[in-house]
Amino acid sequence: RLNTRVTSVHHSDRCVCAMTITAGDGGDTTREEQFCGRYGILTFSIGVLHGDSTLFQPGLPLWKTDAIHSIRFGHFTKIFMLFNETFWDTSVLYIGRALLPLERGYSLFQPLGHLFDCKPHLLMAILSGEDALKVGSQDASTTKMQLLTAFQLLYPSSRAELLDFLIPEWAQDPLYRGSYSF
C-alpha cells in the first residue's frame, strides 16, 4: 500500500497484527487499518529496528533484540553533482584526495558521465560515517560551499559551474534512519 506506515506490531503465539496509518490525498486526512495473520514478514530497516523500542507490543524478547543490535547500521551518503563542463580525468573510476590525519571531509569522488550519456558532466561524492551524518544534518548551501572548496583544492584552474546537486538524506528519513547494514 502506498503512503501507508506501520505504526505498531502486536504479536502473540497465535497471531500477528500490524497497525497502519495511510495518508489521504494531500496528506491531510488519514485512515487507520489493522492487518492480521498467523505469521508476519517484517521488512523494517535495521535503523528503524534499532531506534524504535515501542514498535512491537509486547516488546521483543531479549534474544531477538540482541540479534537486531548485533547488526550494525552505518551512514553512507552519495552526493550527485551536475557541472556545466567536465574538468576531471574521465579515464579513471575514482578521484581521490589525500586528507591529513584527523582531517575529515570530501576525499572520494566518482565520475558518472560515462553511465549517463544525457548527463556527461555528472560526478558523485562519496561520504561515510561522521562525514555522512554531518552532511545530512547541515544546510544544503553549506554542503555546496564545502564541495566547491574541495574541488578548488583538486582542480585550482577550473572555472566550472555547479548547475545542480542532489543529497539523499537516508539517515534523516524515519523509514530508514541510516544507509547500510554490516
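Just so we're clear, the structure is a prediction, and the values are computed from it rather than from any experiment. (Residues numbered from 1 in each chain as written. Predicted model: local features only at pLDDT ≥ 70, side-chain atom pairs only at ≥ 80, totals over all residues. Heavy atoms only, no water.)

(A) Expanded view of the nonpolar core. Within the largest apolar cluster, 20 residues are counted, with the highest numbers of intra-cluster contacts made by Ile79, Met81, Phe83, Tyr106, Phe109, Leu123 and Phe151. For this core, the elements supplying multiple residues, two or more each, are strand S6 (76-83), strand S9 (122-128), helix H3 (129-137) and helix H4 (140-154). (Core = buried A, V, L, I, M, F, W, Y, C linked by side-chain atoms within 4.5 Å. Buried < 20%, exposed > 50% of the residue type's maximum accessible area, 1.4 Å probe, protein only. Helix = DSSP H or I, 4+ residues; strand = E, 2+ residues; numbered from the N terminus.)

(B) The arrangement of a nonpolar patch on the surface in detail. Side chains of Leu93, Tyr94 and Leu108 sit close together on the surface and give an oily, nonpolar patch of about 300 Å² of accessible area. The residue Leu108 is located in strand S8 (residues 108-111) in this model. (Patch = residues over 30% accessible without salt bridge, like charges linked within 9 Å, V, L, I, M, F, W, Y side chains within 5 Å. Areas by Shrake-Rupley, 256 points an atom, 1.4 Å probe, with all protein chains shown as cover. Salt bridge = Lys/Arg side-chain N within 4 Å of Asp/Glu carboxyl O.)

(C) The pattern of salt bridges, seen in detail. For the coordinates displayed, the defined rule picks out 1 salt bridge. The partner of Glu33 in a salt bridge is Arg31, with the nearest N and O atoms 3.2 Å apart. A relative accessible area of 22% places Glu33 in the partly exposed class.

(D) Local environment of the layout of surface pockets. In this model, the largest pocket occupies a volume close to 580 Å³. If you trace the largest pocket, you find 24 residues lining it, with Thr4, Arg5, Val6, Thr43 and Phe44 closest to the centre. Breaking the lining of the largest pocket down by element, the ones donating at least two residues are strand S1 (4-11), strand S2 (16-23) and strand S3 (30-37). Broken down by element, the residue count for the lining of the largest pocket peaks at 5 residues, all from S1. For the lining of the largest pocket, the class distribution of residues is 15 nonpolar, 6 polar and 3 charged. Its volume calculated, the second largest pocket comes out at about 380 Å³. (1 Å grid on protein atoms, 1.4 Å probe; cavity = no way out; pocket = protein on both sides within 12 Å on 5 of 7 lines; lining within 4 Å. Points joined across faces, edges and corners; volume = space filled by probe spheres on them. Nonpolar A, V, L, I, M, F, W, Y, C, P; charged D, E, K, R; others polar.)

(E) Highlighting the packing of aromatic side chains. Going through the model one piece at a time under the given rule, you end up with 8 aromatic pairs. Plain terms: the ring middles of Phe83 and Phe87 are 5.0 Å apart, the flat faces sit at 85° to each other, and that makes the pair edge-to-face. There is no split in this pair, since Phe83 and Phe87 are both buried. Considering the side-chain rings of Phe83 and Trp88, the 5.9 Å spacing of their centres and the 70° angle between planes classify their relative orientation as edge-to-face. The buried category is assigned to Trp88, whose relative accessible area is 7%. Connected via pairs of aromatic rings, a cluster forms that spans Phe83, Phe87, Trp88, Phe109, Phe151 and Tyr155. The ring of Tyr39 is capped by Arg38, whose NZ or CZ atom sits 5.1 Å from the centre of that ring. (Phe/Tyr/Trp six-rings, centres within 6.5 Å; stacked < 30°, edge-to-face > 60°. Lys NZ or Arg CZ within 6 Å of the ring centre and 35° of its normal.)

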